[in-house]
Structures are given as C-alpha cells and as structure tokens.
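Next come the chains, spelled out residue by residue.
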Amino acid sequence: MNKFIGLNIFFIIFLVGLVSAIGQVNIAAVTSPSGNPGDTVQINATVENAVVAGPILTIILQSSNLISGSNTITPPSIPSITNLANATPQITSFNVVIPTILAGTYSGSIYANESGNEAANNHTFPYSVTVQSIHALDVQTYDNSSNPLTITSQEDETKTVTFDVKNTGSNAFTLTNSLITYTQSDFSDDDNDTVALTFKDFNAVNPGETDTITLTAVIEDGIDLDTYTGLITVKNPNDNTKTDTFNLEVRIQPEVCKDGIVKDGDPSSRSQALLQIDVNDPDDGDEYNLGDTVDIDVTVNNEDDKDMDVVVEAFLYDLDDNDEITTVESDSININDDDEEDFTLELKIPQDPDLDEDHDYTIFIKAYEDGDEDQNCNEESIEIDIEKNDHDVVIDEILVNPSTVSCGESVSVDISVVNIGNRDEDGVYIDLKSTALKIDQRSNSFDLDKGDDLTKNFVFNIPSDAEDKTHDLEAIVYFDDGDEKKGIFGNIVVQCKGQVVSLPDVGLSVNEDEIVAKENSFSIPVKITNNANNILSLVLDLDASWANPVDSKTLTLDSGQSSTIFLLLEAREGETGRKTALLELKHNNEVVATETVVFELGEESKGIGIDLSNLGGNTAFWIVADVVAILIVLYVLKLVFLPKKP
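Notes on the structure in this doc start here. (Residues numbered from 1 in each chain as written. Predicted model: local features only at pLDDT ≥ 70, side-chain atom pairs only at ≥ 80, totals over all residues. Heavy atoms only, no water.)

## A short note on the overall build of the protein chain
Rules: Numbering of helices and strands runs from the N terminus; a helix is a DSSP stretch of H or I covering at least four residues, while a strand is a stretch of E covering at least two. Exposure classes here rest on a 1.4 Å probe applied to the protein chains alone. A residue is buried below 20% of its type maximum, exposed above 50%, and partly exposed in between. The contact rule is simple, with two residues in contact once any of their heavy atoms fall within 4.5 Å. For the accessible areas, the method is Shrake-Rupley and the probe is 1.4 Å, while residue cover comes only from the protein chains on display.
Check the secondary structure of the protein chain and you find 2 helices and 48 strands. Within the protein chain, buried positions represent 39% of all 646 residues. Summarising the internal contacts of the protein chain: among those between residues at least 6 apart in sequence, 67% fall at separations of at least 24. Accessible area of the protein chain: about 34000 Å², with a carbon and sulfur share of 45%.

## As for the state of the cysteines
A disulfide bridge is the covalent bond that connects two cysteines by way of their sulfur atoms. We count it as follows: When two cysteine sulfur atoms are found within 2.5 Å, that pair is recorded as a disulfide.
Evaluation of the coordinates by the stated rule reveals 2 disulfides. Here Cys-257 pairs with Cys-377 through a disulfide, and the sulfurs are 2.0 Å apart. Residues Cys-257 and Cys-377 share a disulfide whose torsion about the S-S bond is about -80°; that sign makes it left-handed. Of this pair, Cys-257 sits in the loop between strand 20 (239–252) and strand 21 (262–263) while Cys-377 sits in strand 31 (residues 377–387), and the two are 120 residues apart along the sequence. The residues Cys-257 and Cys-377 share a single accessibility class, namely buried. Shown here is the disulfide that connects Cys-407 with Cys-496, its sulfur atoms set 1.9 Å apart. Judged by the torsion about the S-S bond (105°), the Cys-407/Cys-496 disulfide is right-handed. A residue pair is termed long-range when its members are at least 10 positions apart, and Cys-407 in the loop between strand 33 (404–405) and strand 34 (410–419) and Cys-496 in the loop between strand 40 (484–494) and strand 41 (506–510) qualify at 89 residues.

## A few points about the pattern of salt bridges
Quick reminder of the rule: Salt bridges are identified by distance alone: a Lys or Arg side-chain nitrogen within 4 Å of an Asp or Glu carboxyl oxygen.
Taken as a whole and assessed by the stated rule, the structure comprises 13 salt bridges. Among the salt bridges present, the one from Glu-369 reaches Lys-306, with a minimum N-O distance of 4.0 Å. Residue Glu-369 is found in strand 30 (residues 361–369), and its partner Lys-306 is found in the loop between strand 25 (293–302) and strand 26 (308–318); the two are separated by 63 residues along the sequence. Taking relative accessible area as the criterion, Lys-306 reaches 38% and is therefore assigned partly exposed. Here Lys-433 ties to Asp-440 by a salt bridge, and the two come within 3.0 Å at their closest N and O atoms. Judged by relative accessible area, Lys-433 falls into the partly exposed class, the value being 26%. Residues joined in a network through salt bridges with shared partners are Asp-304, Lys-306 and Glu-369.

## Topic: the layout of surface pockets
Take a probe with the size of a water molecule and roll it over the atoms, and the empty space left behind shows itself. Condition: Grid points spaced at 1 Å and placed over the protein atoms alone form the basis of the search, with a cavity being a set where a 1.4 Å probe fits but cannot get out and a pocket an open set showing protein on both sides within 12 Å along at least five of seven lines. Lining residues have an atom within 4 Å of a point. Grid points are joined across faces, edges and corners, and a volume is the space filled by probe spheres set on the points. Residues are grouped as follows: Ala, Val, Leu, Ile, Met, Phe, Trp, Tyr, Cys and Pro are nonpolar; Asp, Glu, Lys and Arg are charged; all remaining types, including Gly, are polar.
Of the voids in this model, the largest pocket is the one considered here, and its volume is about 770 Å³. As for the largest pocket, its lining consists of 28 residues, of which Asn-457, Phe-458, Asp-543, Leu-582 and Glu-584 are closest to the centre. Those elements that place two or more of their residues in the lining of the largest pocket are strand 36 (439–442), strand 38 (453–461), strand 44 (536–543), strand 47 (577–587) and strand 48 (590–601). It is strand 38 that contributes the most residues to the lining of the largest pocket, 7 residues altogether. Its residues assigned to classes, the lining of the largest pocket comprises 11 nonpolar, 11 polar and 6 charged.

## With respect to the sheet that holds strand 47
For the record, the criterion: DSSP calls a pair of strands paired once it identifies at least 2 bridges connecting them. Only C-alpha atoms enter the line fits that serve as axes; for helices the fit covers just the stretch in contact. Angles between N-to-C directions range over 0 to 180 degrees.
Reading across from one edge, 45-44-47-48 is the order of the 4 strands in this open sheet, with antiparallel pairing throughout. With partners counted over all chains shown, the strands left at the sheet margins are strand 45 (553–557) and strand 48, one partner each. Strand-to-strand twist of the sheet, defined as the mean angle between neighbouring strand axes without regard to direction, takes the value 20°. The pairing of strand 44 with strand 45 spans 5 bridges and is classified as antiparallel. Across the sheet, residue Val-539 finds its bridge partner in strand 45, namely Thr-554.

## Here's the deal with the nonpolar core
The condition is simple: Throughout this description, the term nonpolar core refers to a set of buried Ala, Val, Leu, Ile, Met, Phe, Trp, Tyr and Cys residues connected via side-chain atoms within 4.5 Å.
Counting 32 residues, the largest nonpolar core has Ile-528 and Leu-569 as its most contacted members. A per-element tally of this core places strand 48 first, with 5 residues. Apart from the residues within four sequence positions on either side, Leu-569 is in contact with Asn-520, Ser-521, Phe-522, Ile-524, Leu-542, Ala-544, Trp-546, Ala-547, Asn-548, Val-550, Ala-581 and Phe-599. The next biggest cluster of nonpolar side chains, apart from the first, holds 31 residues, and it includes Met-308, Phe-343, Ile-365 and Ala-367.

## Side note on the environment of Gly-371
Assignment of secondary structure puts Gly-371 in the loop between strand 30 and strand 31. Given the relative accessible area of 67%, Gly-371 is considered exposed. Placed 39 residues apart in sequence, Gly-371 and Ser-332 show a C-alpha to C-alpha distance of 9.9 Å.

## Describing unusual backbone geometry
A cis amide bond links Asp-281 with the next residue in sequence, Pro-282, at an omega value of 5°. On the secondary structure map, Pro-282 appears in the loop between strand 23 (275–281) and strand 24 (286–289). Residue Asn-401 is joined to Pro-402 through a cis peptide bond whose omega torsion reads -5°. Although it is not a glycine, Lys-438 adopts a positive phi angle of roughly 60°. Relative to the helices and strands, Lys-438 is located in the loop between strand 35 (425–434) and strand 36. Given the relative accessible area of 60%, Lys-438 is considered exposed. For Asp-481, which is not a glycine, the phi torsion comes out positive at approximately 55°. Counting through the fold element by element, Asp-481 comes out in the loop between strand 39 (469–479) and strand 40.

Given below as structure tokens:
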C-alpha cells in the first residue's frame, strides 16, 4: 500500500511540474558600441533562461529609442530567440546605423518577453551607443568631376545661383565667406576681364542639416565668350583641413555656330556675315505651353557673289540649366547670289514636367552653308517664355503588346501619363476605347502629384469576329476633377483569317456577403465551375494595385465540377476608401472569365472568430491547468484513503 501511495505522489508531482512555469527570461548582457555618423555598429544581447526547467519556446526582443538630450536614434528590429534552454544562454545580434547627429552617448533599453506570456515573464536591460566627435561637410549635388555647378550668362550681367552644404559630422558649424576659396585667374580672360564671385547667406548648421549658400557672379563687360572653370573649396570652420570641393563653370553665352560666326572661313560679326538672318516669327517674349509647337519663320539673304546651299537649324536652350532642350533642322535650299529664301520650321516644346517656367529660354537660330559650316555661318536668337497650366496631365506613351494579334488572343496595353501642370491632381483616371474591338475599359482613379508619372495596364481579348486590319486604340486621361481630358491614339494589327477561336465555358463568381473582413484584410471565397465537356487546367489571378500582391492559384476541374478557392487580400498601409479588385480566370493563357469585387477599406469584420492558437503561452491557461491537476490529486487521495463501501 505504501509503495502505491508513493507512486501516486510521484505522479502528482509530475503533473504539477508539467503545468508549472517553464523558465524565466533574463537579459544577462548587452554591448554598447561607439562609431561615427554613417557607421553601422553591431549590438549583441545575451539572453538566458534563469530557471531550471524546460525551454522557453519564443522570446520577443524590442529596443526603445536611443536618446541623448533632444536627439534620438531609432534602432531597427531585433531577431527573436527560440527554444531557450536553462544554462544555455543565446546571443542575438542587430545593427544600428548611426545617423548624422550630434556627438554624445545615446541611451536606451532592450525589452525581452516570452511570447504569449509577456506580462508575467519579461526583463529590461539598459544599453547605449556612443556617437563620436568628428568634423565633416559635404557639398551636395555638385562635384569636381562630372557634375559641376554651371552659370550661363552674357557679358556685363550679374547672376546668382545657390548650392547646398550638408553637415555630415557630429558637431554644429557656421560657414563664412572667407572659408570658401577659389583661384581668380580661373575666372579671367587673357585681358584680365573677370567673373567676380562672392558668397553669402550663412546659417548655423547642425549635424545632418543643410545650409543653402548664395553665389553671386558679376560678369565684367567685354569678357571673352568662353567657359571659365575653377575649383571651389569649402572648409569646415571647426577644422580647416576638413574640406569639400566642386567645379564651377561660368559659360558666357552658348555656342551656336560650331566655329562662331564666320565669313568665308574667317571670324565675323553678325552684321558682316554673308548669310543674313531675319526672324519673322516668333517674337521676343512670346509665350508657349509645354507641348506647343513653335512656328519658326525666317528669311535668309545670301550676300555672297555665288549661289549657296543653305541649312537653317533652330534649337531651344535652357540658359539656367545650360541645356539644349530640343532641336529642328530644315532641308537644304539653294539661294542664288544676292537673293533670299524663306525657311519655315516647327519646333515642338517637349511635354517635360522638369522644364521650369521660371528659367530663361532662348531659341537660337543659325543659317550655315550646307557641308561647310566652318566657312559660312551666322546666328540669331529669340527669347521666349514657357508657361505651365495649373492643370495639365498628358499621355506620354501607349505601348501595345503584342502589336500584331489573332482573334481570341490576349493583349496588354501600358498607358503612361505625366502631370506637367503646376498642381497636384486627385481622381485621375484613364479610358481605353475601341468600338471595332469592343473595348471600353476604365482604370481605377489615382492621384498624380505635379511632375509625377504613372503607368496603368489594360488587358483585353481580341473578339472572334474582329476585322483583319490595323485598328485604332484611343487612350484618354481625365483630370481636374474630370473637367479636362487629353488623348492619343495607338494601333494594333489584327490578323484572324482562317483562325477558329473557341474559349471554354467556365463560371466565375464571388458572393460578397461571404467575404470575411478583418480591419483591411479580406478572405475572398471564389467559386469556379467547369461548364465545358472536358477537363480544364485553370489559373486564377487577382489584381489590386492598392493591396499586397496575391499569388496565382492553379486548379484542375473535371467537366461539371465546381471548386471554391479562398484568396487573402491585404490592403497596403494607408489605403482607405472604396477600392476594386479584378479577378481573372485563364486557360492556356487566355482569359475565360473575369469578375470585379468592390471593397470598403476600414469596415468592421463581417466574421467573428475565436483565436485559440496562443493558449499554450497564456498565463490564464496554465492557472486553469493547475486547478485541474489539484482536482485530480484530490480524486486519487479519495480512492486511497476513504474506505470502500461494503
């Protein structure tokens, strides 16, 4: 009897042990490294199970912000620890990228807790990252090799430009004019006519901040037309040995004729050249919008004593960016001696949102002897203004793939739009139409900030009765709350003769009442039915630009068979409002059925569920388990000690 009692007591202790705590999380040590701004430092955290018991299955680790005064370093995530056994510490490592920030010691804490038992089993440990003191600066955008700061001007003018200097060290500084140096002879011609440079607008710059410096260039009257290049050196006030440099190019009037204005191969003035240019149109100060065509009308007079074949070329030039925007060239026309001919050119201003309407634009026009520009060339220029509309969205490109198709074949069309206006646009959408091909599709609406571009994809099948010919595809973009629109045409070649197209009969349906929503995640039941007379292999795709990608689903159905597939659709962060998703069912890469589903982001869940997956790590669960164990013990004691009934 005593042996039996002993066995029962051992069994009771064993049961109680099973439901006791399995260990205690303890952070034993955390390294506290140091580094310079821009460095990546590794931090090692040693975590142990402080109780002699079974392993802790999962430990979640998090770090607070690292703070020094009013400055903060935000650390990345820390890898979890699994199966932490007693007396076997584990080390988890993570990296912190030190930002450009003030020098000092940044302190924080690491918090570790048992997954599912956070409140009862956790530990916090302090650590720090030291940002070392360094002095450094960096001139942004411009350098001393391939990307100089450029000033374009004519003689006897004053130009101002700006450049940015970033504090990449860990100590604040303030620049002064004397800390920016250059060699004056680099900006002087042979007659010592100069470009004088001064610098101003200096402010205190903390680590990571940028100061915008104003550079003023005073171009002396009579300076030679040339490009003057010199090295600008910016010194750190805290340590003059810490510098950054960039090249400055001062271009005095752009070159139009390759060898300048020439007359029979010799340098000449405009008024003395043999080819005289009279610009009839446009006039100085004429205004144009992006996408406009400038009609250029010039008369060229040949004052030579022999006939001359003449070409006229015009190009649009951005004087601020020193950049040729676009160019146009005429055919060669023979002009008799002491005679004149009219030349008409059309120069289209690009629909480029990067064209700044505050810049100075000039159309340079040159007339030269065909094949002998170095012998006879003259030039003229016209200043124009380029304006932007407040609302202006254009279709930049329409790509059709494939461009030649057969009946029943699937076609993909990419339509790219760009906002070239001055304002951001909300509710932009694109239509793709073709009456002959029975296409009338509309994209979902989207926002398009000024200067931004976006491409929308359209997919459709060529009808089985489509006519063999080149069909127009009209793309239309709507903007300014739908009040404005612009369109272009693409085309596609259809060749269907002798082709028999037969698509299988397949059903595709979604009962929206059965969609289960939780926050902005949706479980979508999609019912697919094979109505064909043979087995079909099908691929189901879901397209929703506002959500995370959903993998394609493949299934095989016998004739008459139905199947329901559940798709999980998760909205991207920040998406709200009414959204649509397109379901496409394909067989042999042919779309055989489509369905559009509408969602309202932010609605409450339609389904109610109970999550039992974390009971194993829940303190309340173990308390209940302890009570059950005690009841079992009492029952066993009753069997052992109470007398049996006769």
